[in-house]
Amino acid sequence: VVSRHTTTALTINELESRLARDVENFFLKICPPDERSESEKKQTGVRYLHNDIDLRPDGEDEQQRCRDNGWDIDDDAELQKWRDQEPINAHSHLISMMLGSSESIPVVDGEMVIG
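Scope of this entry: the structure provided in the associated data block. (Residues numbered from 1 in each chain as written. Predicted model: local features only at pLDDT ≥ 70, side-chain atom pairs only at ≥ 80, totals over all residues. Heavy atoms only, no water.)

The end-to-end C-alpha separation of helix 1 (residues 17-30) is 20 Å, in line with the 20 Å expected for 14 residues at 1.5 Å each. Regarding helix 1, its N-cap is E16, as a side-chain oxygen of that residue lies 3.0 Å from the backbone nitrogen of R18 further along. (Helix = DSSP H or I, 4+ residues; strand = E, 2+ residues; numbered from the N terminus. Expected span 1.5 Å × (residues − 1). Polar contact = N/O pair within 3.5 Å; in protein donor to acceptor, adjacent residues only side chain to side chain.)

Written out as structure tokens, the structure is:
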């Protein structure tokens, strides 16, 4: 199973509600949402460079990626539209990098074999 989105992570573990809350709390301690985030879990004093939307796109490579994705960032109004749609999500990128974006699941006789 693979996710191609850069803020999506995949993992397999027990379906147990208390463990799920432990996992959430663990990652919120390591990578809390930026104080500018719309998340109810945002933390005052936490700021990620990625979330400085008003300073992006930063550099030629990032500018070209915007253009390749159909954004006319050379037009001030279009650049602002691009910035307006960009989420405050650096913490999601960081968590995804720690967990990874794929899992291999063995299948035997058409059934997933997981412990």
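Right, picking up where we left off after that structure.
Take the layout of surface pockets next. Each pocket or cavity is described by its volume, and for the largest pocket that value is around 230 Å³. H50, R56, E62, R65, C66, N69, W71, W82, Q85 and E86 together form the lining of the largest pocket. Of all the secondary-structure elements, those providing two or more residues to the lining of the largest pocket are helix 2 (60-68) and helix 3 (76-85). A class-by-class count of the residues in the lining of the largest pocket yields three nonpolar, three polar and four charged. Approximately 160 Å³ is the volume found for the second largest pocket. Ranked by the residues each element gives to the lining of the second largest pocket, the list is headed by helix 1, at four residues. (1 Å grid on protein atoms, 1.4 Å probe; cavity = no way out; pocket = protein on both sides within 12 Å on 5 of 7 lines; lining within 4 Å. Points joined across faces, edges and corners; volume = space filled by probe spheres on them. Nonpolar A, V, L, I, M, F, W, Y, C, P; charged D, E, K, R; others polar.)

The subject of this paragraph is the nonpolar core. In this structure, F27, C31, V46, Y48, A90 and I95 together form the largest nonpolar core, which totals six residues. In this structure, A90 is in contact with Y48, H50 and N51, ignoring residues within four places of it in sequence. (Core = buried A, V, L, I, M, F, W, Y, C linked by side-chain atoms within 4.5 Å. Buried < 20%, exposed > 50% of the residue type's maximum accessible area, 1.4 Å probe, protein only. Contact = heavy atoms within 4.5 Å.)

Counting along an α-helix, one turn takes 3.6 residues, and residues three or four places apart therefore face a common direction. Of the residues making up helix 4 (residues 90-99), those classed as buried are A90, H91, H93, I95 and S96. Buried residues along helix 4 sit in contact with helix 1. Note on helix 4: the residue one or two positions beyond its end, G100, has a positive phi of about 95°.

For K41, the position within the fold is in the loop between helix 1 and helix 2. Counting along the chain gives 17 residues from K41 to D58, while the straight-line C-alpha distance between them is 28 Å. Ignoring sequence-local partners within four residues, the contact set of K41 consists of E24, L28 and P33.

Within the secondary structure, E78 is located in helix 3. Judged by relative accessible area, which is 24%, E78 ranks as partly exposed. The contacts of E78, once residues within four sequence positions are left out, are W71 and D72.

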